[in-house]
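# Topology and contacts: notes
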Amino acid sequence: MSREIFETQIIRVFRVGGLVVFFAAAAFPFYWMIVSSFKPLEELLLHPENLGLDLRSLDFTSYRQVLLKHGFFRYIANSLYVSLMTVAVSVSLGTLGGYAVTRLRFPGKGIFSAGVLLVYMLPAIVLVVPLYVIFTHLGLRDSLHVLVLVYVAQTLPVSVYMLKNHFQALPPEIEYAGMVDGCSRAGVIWRVVIPLSAPALASVALYTFMIAWNEFLFAFMFLDTPDKFTLSRGIVQLAGSVHLSKQLVMAASVVVTVPVLILFLFFERQLVRGLTAGALKG
Amino acid sequence: MDMGLKTLQERESRLALYMLAPALVIVLLLVFFPTAWNIWLSLKPVSLEGLRGEGLWNAGLTLRNYQKVLSDPELPGVAATTLAYTVGGSLFSILLGLTAALLVHKEFPGRAFIRGLLISPYIAPIVAVAFTWSFILDPQLGCLNWLGVKTGVLDQPVAFFSARWIQVRLPGFTMPIPLALLSVIFFEGWRYFPFALLFILARLQAIPEDLYRAAAVDGAGPFQRFFHITLPQLRSVLATLFLFRFIWTLNKFDDIFLLTGGEAGTRVLTLKVYDYAFGAFDIGAGSAAAMLLFFILGIFMAGYLRWVTRQEVR
């Protein structure tokens with residue numbers, strides 16, 4: 001047997017084994033999150049080592065409790081509101097900014113990239129202390145709108161940067177043609193640039209949605225009133241306040257995870273592009 | 001004509017200003033200003049109760065906060081933990097990412113599905129995956145923990161996220177291992193390997209097939225081709241990844257906060273910032289600790305920028 005064949009065989013064995021291991025390690029926590037959310041508490045206490053799930057006796061108690069008793073319907077609505085607002089503001093301001101940086105000439109264009117890099121590398125914990133102080137001082141801290149503003153500030157640089165890269169790849173001649181036909185700059189952006197940028201805008205929107213939906217630290221520090229909690233904030237509250245709450249926390253975790261995974265399933269290509277272009281901060 | 005061009009340019013820069021202004025104002029107000037103001041806070045004796053008062057704006061600067069942070073007897077331990085966590089977490093996630101990238105690089109049935117699944121740890125909400133892992137490894141109710149006991153891998157359930165040390169019996173001797181720290185590093189590897197996977201995969205697909213064919217003609221086996229072609233081609237992406245992961249792991253707060261709360265030998269610098277500011281209600285000391293983190297970060301960013309500019313020159 002030649003070395004080529006021998007080594008190829010070894011690699012094949014390792015590849016199959018490796019894929020199985022990675023598959024199991026990546027999928028198992030999600031599997032367990034779902035399975036344990038459908039088990040009654042007694043089952044988890046008595047048989048913690050039972051990894052299976054009896055599909056004939058699914059237990060929906062955890063979901064009922066989380067959604068109805070612990071107010072998670074409200075948290076879902078809050079999370080949606082915060083994330084969608086962040087997307088709307090970040091994408092529209094990012095489009096304007098990205099276009100300006102690409103097409104228009106103005107002094108001081110060069111500092112732009114350095115600024116993006118700085119925001120990118122800035123630890124959230126360094127920002128959270130002064131922002132907490134400022135907003136507490138102003139009496140504005142416990143507010144979903146302030147949270148949206150903070151999320152917008154942190155996603156905008158990446159939105160501008162990603163859209164700038166996209167606009168640079170559009171041939172300016174199309175826009176000149178539009179202007180010759182009598183469109184203003186605003187008209188060109190609205191009628192020509194934005195329709196041509198739908199995939200890039202989708203990437204930015206997905207990326208921004210995910211950041212806002214998943215965010216924990218600022219929601220945790222800023223929100224005090226349970227009525228205003230986002231899902232992440234609500235889950236931490238639930239885990240800390242209810243005794244023997246594992247199955248509830250898992251049901252709540254399924255609620256917060258499933259929308260993101262579904263989005264990812266449908267828009268994997270756009271999202272991966274967003275991740276690699278913007279290199280999701282995390 | 002000359003005049004016309006000039007006004008066009010003036011008009012354009014005014015328009016650009018209008019278009020950029022909202023974004024600029026938001027980022028300046030909510031990112032740059034707080035960062036700068038952090039310096040001011042770090043030089044003042046501010047407690048959490050003093051936040052609503054006027055004392056916030058008085059001068060009366062002091063270096064006491066820095067003295068407090070730098071002479072904290074916990075600081076050397078925090079520094080060591082931070083270093084171990086940051087280097088360990090970065091390297092582990094990149095190593096896993098590299099392995100995963102090599103595994104899914106070649107076409108096979110179900111590849112798109114597997115690749116998508118491998119990326120999911122990275123995009124799921126941190127709160128959900130942190131609580132799931134601490135549940136899985138819980139000493140009382142953790143399924144893997146009990147499975148380990150049942151199959152005889154473990155003598156007894158292990159408190160992965162709350163035991164600082166564990167004695168591991170090897171043939172001949174026992175060795176203490178910093179368990180909670182290793183567990184959070186393991187979590188770091190699990191959560192962030194997809195980031196490395198995406199970048200390495202993109203680079204792998206850009207390596208020209210000719211290189212491999214030529215090497216095969218010259219008699220290089222698969223292993224030799226990996227070590228002499230693939231790895232050298234990946235060198236710069238691996239270096240960039242390490243830098244990014246290093247900076248982001250250094251900045252990381254959520255993961256350790258949710259998994260261990262900074263207990264059991266996992267108190268890194270970001271957790272220390274939180275402890276000062278919101279645990280001990282000493283905003284000034286928290287800001288000073290944040291400045292320390294910022295300073296360390298600055299060194300790495302300067303190094304990165306220098307490295308990037310050198311690459312561009314080449």
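Scroll up a little and you will see the structure.
These figures come from a predicted structure and were not determined experimentally. (Residues numbered from 1 in each chain as written. Chains lettered and ligands numbered in written order. Predicted model: local features only at pLDDT ≥ 70, side-chain atom pairs only at ≥ 80, totals over all residues. Heavy atoms only, no water.)

### Quick look at the layout of surface pockets
Its volume calculated, the largest pocket comes out at about 1,000 Å³. Elements that contribute at least two residues to the lining of the largest pocket include exactly α1 (3-37) of chain A together with α3 (75-105), α8 (209-217) and α9 (222-251) of chain B. The residue inventory of the lining of the largest pocket, partitioned by class, reads 17 nonpolar, six polar and six charged. (1 Å grid on protein atoms, 1.4 Å probe; cavity = no way out; pocket = protein on both sides within 12 Å on 5 of 7 lines; lining within 4 Å. Points joined across faces, edges and corners; volume = space filled by probe spheres on them. Helix = DSSP H or I, 4+ residues; strand = E, 2+ residues; numbered from the N terminus. Nonpolar A, V, L, I, M, F, W, Y, C, P; charged D, E, K, R; others polar.)

### Details of helix α9 (residues 185-196) of chain A
The end-to-end C-alpha distance of α9 of chain A is 15 Å, a good match for the 16 Å that twelve residues give at a rise of 1.5 Å each. Of the residues making up α9 of chain A, those classed as buried are R185, G187, V188, I189, V192 and V193 of chain A. (Expected span 1.5 Å × (residues − 1). Buried < 20%, exposed > 50% of the residue type's maximum accessible area, 1.4 Å probe, protein only.)

### Quick notes on the interface of chain A and chain B
Size of an interface: often given as the accessible area lost when the parts come together. The interface of chain A with chain B comprises 95 residues on the first partner and 104 residues on the second. Roughly 8,700 Å² of surface becomes buried between chain A and chain B when both sides are summed, with 80% attributable to carbon and sulfur atoms. Along the contact surface separating chain A from chain B lie two salt bridges. Notably, a salt bridge pairs K246 of chain A with D138 of chain B, separated by 3.6 Å at the nearest N-O pair. Linking chain A with chain B are five residue pairs in polar contact (both at pLDDT 80 or more). The element that contributes the greatest number of residues to the side of chain A that touches chain B is α1 of chain A, accounting for 21 residues. (Contact = heavy atoms within 4.5 Å. Buried area = accessible area lost by both parts, 1.4 Å probe. Salt bridge = Lys/Arg side-chain N within 4 Å of Asp/Glu carboxyl O. Polar contact = N/O pair within 3.5 Å; in protein donor to acceptor, adjacent residues only side chain to side chain.)

### Brief notes about the packing of aromatic side chains
For any pair of aromatic rings, the description rests on two quantities: the centre-to-centre distance and the angle between the ring planes. According to the stated counting rule, one finds 35 aromatic pairs over all chains in the structure shown. Measuring from ring centre to ring centre gives 4.8 Å for F72 of chain A and Y75 of chain A, while their planes differ by 65°; the resulting arrangement is edge-to-face. Note that F72 of chain A and Y75 of chain A are positioned in helix α4 (residues 72-103) at a spacing of three residues, about one turn of the helix. Here Y75 of chain A falls in the buried class, since its relative accessible area comes to 7%. When the ring of Y75 of chain A is compared with that of F229 of chain A, the centres are 5.8 Å apart and the planes differ by 45°; the resulting orientation is tilted. Of this pair, Y75 of chain A sits in helix α4 while F229 of chain A sits in the loop between α11 (217-222) and α12 (231-241), placing them 154 residues apart in sequence. By relative accessible area, which is 1% here, F229 of chain A ends up buried. Through a chain of ring-to-ring contacts, three or more aromatic side chains come together here, namely Y132, F216 and F220 of chain A together with F253, F257, Y274 and F278 of chain B. Directly above the ring of F229 of chain A sits R233 of chain A, whose terminal nitrogen or CZ lies 4.3 Å from the centroid. (Phe/Tyr/Trp six-rings, centres within 6.5 Å; stacked < 30°, edge-to-face > 60°. Lys NZ or Arg CZ within 6 Å of the ring centre and 35° of its normal.)

### Comments concerning unusual backbone geometry
Most peptide bonds take the trans configuration, and most residues that are not glycine carry a negative phi. All names here are of chain B. Phi is positive for A264, close to 55°, though the residue is something other than glycine. Mapped onto the elements of the fold, A264 is located in the loop between α10 (254-259) and α11 (269-279). Judged by its relative accessible area of 12%, A264 is buried. One non-glycine residue with positive phi stands out, namely F281, at about 55°. Inspection of the secondary structure assignment puts F281 in the loop between α11 and α12 (283-313).

Nothing here speaks to function; it is all geometry.
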